[in-house]
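Descriptive analysis of the structure
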Amino acid sequence: MYALVNDRGKQYRMEPGKLVTIDRMDAEAGSEVSFDKVLIVRTDDGLQTGAPYVEEASVVAKLVEQIKGDKIYVTKFKRRKKYRRRTGHRQAYSLLKVDKIVVGGKEFPQDVAASQNKDVPEKSQDETEAENGND
(Lines give C-alpha, C1' and ligand atoms only; values in the text may rest on other atoms or scores of the structure.)
Protein backbone atom coordinates (compact mmCIF):
# COMPACT_ATOMS: atom_id res chain seq x y z
CA MET A 1 0.00 0.00 0.00
CA TYR A 2 1.30 3.43 -0.87
CA ALA A 3 0.18 6.93 -1.72
CA LEU A 4 1.67 9.50 -4.08
CA VAL A 5 1.51 12.93 -2.43
CA ASN A 6 2.01 16.42 -3.89
CA ASP A 7 3.73 18.81 -1.48
CA ARG A 8 4.76 22.30 -2.57
CA GLY A 9 5.30 21.32 -6.21
CA LYS A 10 7.11 18.02 -5.60
CA GLN A 11 5.75 14.50 -5.48
CA TYR A 12 6.67 11.90 -2.87
CA ARG A 13 5.78 8.23 -2.54
CA MET A 14 4.70 7.45 1.01
CA GLU A 15 4.17 4.04 2.60
CA PRO A 16 3.06 3.47 6.22
CA GLY A 17 6.04 2.80 8.48
CA LYS A 18 8.64 4.16 6.03
CA LEU A 19 10.92 7.17 6.45
CA VAL A 20 10.61 9.87 3.79
CA THR A 21 12.94 12.82 3.22
CA ILE A 22 11.20 15.93 1.91
CA ASP A 23 12.14 19.60 1.56
CA ARG A 24 12.29 21.38 4.90
CA MET A 25 8.97 22.16 6.60
CA ASP A 26 8.38 24.81 9.25
CA ALA A 27 7.36 22.48 12.05
CA GLU A 28 8.76 21.18 15.33
CA ALA A 29 10.34 17.75 15.62
CA GLY A 30 7.76 15.30 16.97
CA SER A 31 4.78 17.16 15.50
CA GLU A 32 2.18 15.48 13.30
CA VAL A 33 1.90 16.54 9.65
CA SER A 34 -1.00 15.80 7.30
CA PHE A 35 -0.92 15.84 3.50
CA ASP A 36 -4.27 16.31 1.76
CA LYS A 37 -3.09 16.55 -1.85
CA VAL A 38 -3.01 12.83 -2.62
CA LEU A 39 -2.62 12.04 -6.33
CA ILE A 40 -2.70 8.22 -6.26
CA VAL A 41 -3.57 5.61 -3.62
CA ARG A 42 -2.71 1.93 -4.08
CA THR A 43 -4.55 -0.51 -1.77
CA ASP A 44 -5.53 -4.16 -1.99
CA ASP A 45 -8.80 -2.97 -3.57
CA GLY A 46 -6.88 -1.49 -6.49
CA LEU A 47 -5.47 1.79 -7.70
CA GLN A 48 -7.34 5.05 -7.16
CA THR A 49 -6.28 8.07 -9.16
CA GLY A 50 -7.44 11.60 -8.57
CA ALA A 51 -8.56 14.31 -10.92
CA PRO A 52 -6.34 16.02 -9.79
CA TYR A 53 -6.59 14.71 -6.18
CA VAL A 54 -8.21 11.65 -4.63
CA GLU A 55 -11.27 12.75 -2.65
CA GLU A 56 -11.29 12.11 1.11
CA ALA A 57 -7.70 10.86 1.10
CA SER A 58 -4.83 12.04 3.26
CA VAL A 59 -1.50 10.87 4.63
CA VAL A 60 -0.57 11.41 8.28
CA ALA A 61 3.12 11.47 9.19
CA LYS A 62 5.28 12.39 12.17
CA LEU A 63 8.20 14.80 11.78
CA VAL A 64 11.22 12.93 13.16
CA GLU A 65 13.90 15.62 12.72
CA GLN A 66 15.24 18.45 10.60
CA ILE A 67 18.40 17.39 8.76
CA LYS A 68 20.85 18.77 6.21
CA GLY A 69 22.02 17.08 3.05
CA ASP A 70 25.57 16.59 1.86
CA LYS A 71 27.61 19.69 1.11
CA ILE A 72 28.02 20.57 -2.54
CA TYR A 73 30.57 23.02 -3.87
CA VAL A 74 29.98 25.49 -6.67
CA THR A 75 33.06 26.86 -8.42
CA LYS A 76 33.19 29.84 -10.77
CA PHE A 77 36.24 30.42 -12.92
CA LYS A 78 37.24 32.83 -15.67
CA ARG A 79 40.52 32.14 -17.40
CA ARG A 80 43.26 34.77 -17.58
CA LYS A 81 41.35 37.12 -15.26
CA LYS A 82 42.43 35.80 -11.85
CA TYR A 83 38.77 35.20 -11.07
CA ARG A 84 37.99 32.18 -8.92
CA ARG A 85 35.06 31.77 -6.52
CA ARG A 86 34.10 28.73 -4.51
CA THR A 87 30.92 28.54 -2.47
CA GLY A 88 29.22 25.69 -0.68
CA HIS A 89 25.62 24.75 -0.03
CA ARG A 90 23.81 22.27 2.20
CA GLN A 91 20.13 21.68 1.47
CA ALA A 92 17.78 21.50 4.47
CA TYR A 93 15.42 18.52 4.66
CA SER A 94 12.74 17.19 6.97
CA LEU A 95 12.70 13.51 7.87
CA LEU A 96 9.18 12.10 8.20
CA LYS A 97 7.87 8.75 9.39
CA VAL A 98 4.56 7.90 7.73
CA ASP A 99 2.01 6.77 10.32
CA LYS A 100 -1.08 6.01 8.26
CA ILE A 101 -2.93 6.58 5.02
CA VAL A 102 -6.59 7.55 5.25
CA VAL A 103 -8.90 6.85 2.28
CA GLY A 104 -12.62 7.60 2.52
CA GLY A 105 -12.59 7.51 6.32
CA LYS A 106 -10.84 4.12 6.38
CA GLU A 107 -7.39 4.15 7.98
CA PHE A 108 -4.46 2.03 6.85
CA PRO A 109 -1.81 2.10 9.62
CA GLN A 110 1.61 0.49 9.40
CA ASP A 111 0.60 -3.02 10.52
CA VAL A 112 -2.36 -3.23 8.10
CA ALA A 113 -0.27 -1.94 5.21
CA ALA A 114 2.45 -4.51 5.88
CA SER A 115 -0.07 -7.34 5.65
CA GLN A 116 -1.33 -5.98 2.32
CA ASN A 117 2.13 -5.97 0.72
CA LYS A 118 1.85 -9.64 -0.14
CA ASP A 119 1.91 -8.99 -3.89
CA VAL A 120 5.44 -10.39 -4.17
CA PRO A 121 5.94 -13.68 -2.35
CA GLU A 122 9.20 -14.01 -0.51
CA LYS A 123 11.65 -16.52 -1.91
CA SER A 124 13.17 -19.27 0.13
CA GLN A 125 16.92 -19.55 0.49
CA ASP A 126 16.99 -22.54 -1.88
CA GLU A 127 15.23 -20.57 -4.66
CA THR A 128 17.60 -17.61 -4.20
CA GLU A 129 20.67 -19.87 -4.42
CA ALA A 130 19.30 -21.56 -7.55
CA GLU A 131 18.84 -18.19 -9.28
CA ASN A 132 22.36 -17.08 -8.37
CA GLY A 133 23.86 -20.33 -9.62
CA ASN A 134 25.07 -21.42 -6.18
CA ASP A 135 24.53 -25.17 -5.83
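Everything that follows concerns the structure shown earlier in this document.
Residues numbered from 1 in each chain as written. Predicted model: local features only at pLDDT ≥ 70, side-chain atom pairs only at ≥ 80, totals over all residues. Heavy atoms only, no water.

Some points on the overall build of the protein chain
Inclusion rule: Put simply, DSSP marks the helices as runs of H or I at least four residues long and the strands as runs of E at least two long, and each gets a number from the N terminus on. Contacts are assigned to residue pairs with any non-hydrogen atoms lying within 4.5 Å of each other. Note on areas: Shrake-Rupley, 1.4 Å probe, and residue coverage restricted to the protein chains presented here.
Scanning the protein chain from terminus to terminus reveals 2 helices and 9 strands. Moving toward the C terminus, one meets the helices and strands of the protein chain in the order β-β-β-β-β-β-β-β-β-α-α. Within the protein chain, counting contacts between residues at least 6 apart in sequence, those at least 24 apart form 62% of the total. Split by element, the accessible area of the protein chain, about 9,900 Å² in all, is 45% carbon and sulfur.

Some thoughts on the environment of Ile72
Looking at the element boundaries, Ile72 is found in strand S7 (residues 57-78). Taking the C-alpha atoms as reference points, Ile72 and Arg90, separated by 18 residues in sequence, lie 6.6 Å from one another. When near neighbours in sequence (up to four residues on either side) are disregarded, Ile72 contacts Thr87, Gly88 and His89.

Observations concerning the pairing of strand S9 (residues 106-109)
What counts here: By the convention used here, strands pair only if DSSP detects at least 2 bridges between them.
Pairing analysis gives 4 bridges linking strand S8 (residues 83-103) to S9, with the strands arranged antiparallel. Residue pairing for S9: Ile101 is matched across the bridge by Phe108. Linking S8 back to S9 in an antiparallel pair, the connection comprises 2 residues, with Gly104 at a positive phi of about 60°.

Description of the packing of aromatic side chains
Our working rule: Planes of paired rings set the category: under 30 degrees apart is stacked, over 60 is edge-to-face and the rest tilted, where pairs are Phe, Tyr or Trp rings (Trp by its six-membered ring) whose centres lie within 6.5 Å. By the criterion adopted, a ring carries a charge over it if an Arg CZ or a Lys NZ lies within 6 Å of its centre and within 35 degrees of its normal.
Using the criterion set out here, one finds 0 aromatic pairs in the structure. Positioned over the ring face of Tyr83 is Lys78, at 5.1 Å from the centre of the ring. Directly above the aromatic system of Tyr73 lies the positively charged group of Arg86, at a separation of 3.9 Å from the ring centroid.

Structural notes on unusual backbone geometry
Phi is mostly negative for residues that are not glycine, and the peptide bonds are mostly trans. Threshold: Only protein chains enter the accessibility calculation, which uses a 1.4 Å probe; a residue is then buried when its area is under 20% of its type maximum, exposed when over 50%, and partly exposed in between.
With an omega of 0°, the peptide bond running from Ala51 to Pro52 counts as cis. Mapped onto the elements of the fold, Pro52 is located in the loop between strand S6 (46-49) and S7. Even without being a glycine, Arg80 presents a positive backbone phi close to 60°. Looking at where Arg80 falls in the secondary structure, it is placed in the loop between S7 and S8. With relative accessibility at 70%, the residue Arg80 sits in the exposed group. A positive phi angle, near 55°, is found at Lys82, a position not held by glycine. Relative to the helices and strands, Lys82 is located in the loop between S7 and S8. For Lys82, a relative accessible area of 80% puts it in the exposed group.

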